[in-house]
Amino acid sequence: MWVLALTALLVYGSVHTAHSAILIQRGTEGGDTALYCKNDGKAIWSKGVDGGRGRILTAQHGEVTIKHKPDPDHRYTVLSDLSLMIKNLSLSDSGIYYCNAVPVVSLTVTPLQTETTLCDQTEDTDTESGSTPETEEGSAETGNQQNRAEEVYCLAPHP
Ligand SMILES: *[C@@H]1O[C@H](CO)[C@@H](O)[C@H](O)[C@H]1NC(C)=O
């Protein structure tokens, strides 16, 4: 048991160190958002992609911002403090944003539509789930079910 506790402590410690300043930020589809980065006059913004980071732009005080990623709609700009401004957010803008290789913001873009009925339906199905096999309740599935309960958001289902 103490091994588990120690592992948890170590994992927490390393995660806490690596992500010490990561900010959870939310945006709405079609809206704008500004991501802040503490910097000393230069900010290289990138976004977490499969297996690494994809550079977006490099901004430096007194110099022209260099775009590393095609930006035909001019969605990416920087503010005077080198915060990254993203306009007309799309769902695919969700992710981890890095500033000078440090993860600073975890952005979640939520869909514009407000289908609250989906949430009601989810809750209804959960409460009258008489068809759930009994074996699932007592066993190790409990943890999974708890996780799942925490993940029930009022969002549209995945396509
Ligand atoms: C916002 O982005 C969508 C596609 O993601 C595009 O169809 C729309 O024209 C954009 N709106 C503005 C104001 O740029």
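Scope of this entry: the structure provided in the associated data block. This one's a predicted model, so the numbers in the text were calculated from it and none came from an experiment. (Residues numbered from 1 in each chain as written. Predicted model: local features only at pLDDT ≥ 70, side-chain atom pairs only at ≥ 80, totals over all residues.)

### With respect to the overall build of the chain
Move 1: A tally of regular secondary structure across the chain gives four helices and nine strands.
Move 2: Across the chain, every contact between residues at least 6 apart in sequence was considered, and the portion connecting residues at least 24 apart equals 55%. (Helix = DSSP H or I, 4+ residues; strand = E, 2+ residues; numbered from the N terminus. Contact = placed C-beta atoms within 7 Å.)

### Here's the deal with the nonpolar core
General note: in soluble globular proteins, nonpolar side chains tend to be found buried as a group.
Move 1: Counting residues in hydrophobic clusters, the biggest one holds 18 residues, and the most contacted among them are Leu-35, Cys-37, Ala-43, Trp-45, Tyr-97, Cys-99 and Val-104.
Move 2: Of all elements in the fold, only β3 (42–49), β4 (52–60), β7 (84–86), β8 (95–99) and β9 (102–110) reach the threshold of two or more residues within this core.
Move 3: For this core, the leading source of residues is β9, giving four residues.
Move 4: Discounting chain neighbours no more than four positions away, the residues touching Leu-35 are Gln-25, Ser-83, Leu-84, Tyr-97, Val-104, Val-105 and Leu-107. (Core = buried A, V, L, I, M, F, W, Y, C linked by C-beta atoms within 7 Å. Buried ≥ 20, exposed ≤ 12 C-beta atoms within 10 Å, placed from the backbone.)

### What to know about the sheet that holds β4
Move 1: Reading across the sheet, the six strands line up as β1-β9-β8-β3-β4-β5 and stay open at both edges, with mixed pairing between neighbours. The open sheet has two edge strands, β1 (23–28) and β5 (66–67), and neither has a second partner. (Pairing = 2+ DSSP bridges.)

### A short note on the environment of Gly-62
Move 1: Mapped onto the fold, Gly-62 is located in the loop between β4 and β5.
Move 2: Classification of Gly-62 as exposed rests on a count of 5 C-beta atoms within 10 Å.
Move 3: Along the chain, Gly-62 and Gly-41 lie 21 residues apart, while their C-alpha atoms are 9.0 Å from each other.

### Some points on unusual backbone geometry
Move 1: Phi angles above zero are rare outside glycine, and Leu-82 is one such case at about 70°.
Move 2: Note on placement: Leu-82 falls in the loop between β6 (76–78) and β7.
Move 3: Even without being glycine, Asn-88 reaches a positive phi, approximately 50°.
Move 4: Topologically, Asn-88 is positioned in the loop between β7 and β8.

### Re the sheet that holds β6
Move 1: An order of β2-β7-β6 is seen for the three strands of this open sheet, with the pairing classed as antiparallel. The two strands at the open ends of the sheet, each matched to only one other strand, are β2 (33–35) and β6. Recorded for the sheet is a direction-independent mean angle of 30° between the axes of neighbouring strands. (Axes fitted to C-alpha atoms, helices over the stretch in contact; angles between N-to-C directions.)

### Considering the pairing of β3
Move 1: Bridge count between β3 and β4: eight bridges; the pairing is antiparallel. Paired with Trp-45 across the strands is Leu-57, a residue of β4.
Move 2: Linkage of β3 to β4, two consecutive antiparallel strands, is achieved through a turn of two residues, within which Gly-51 is found at a positive phi near 75°.
Move 3: Inspection of the sheet shows β3 paired to β8 by three bridges, in the antiparallel sense. Paired with Trp-45 across the bridge in β8 is Cys-99.

### Things to note about the pairing of β4
Move 1: When β4 meets β5, the two strands line up antiparallel, connected through two bridges. Among the inter-strand pairings, Thr-58 is bridged to a residue of β5, identified as Ile-66.
Move 2: Turn length for the β4-β5 hairpin, with the two strands adjacent in sequence and antiparallel, is five residues, and the turn residue Gly-62 shows positive phi of about 80°.

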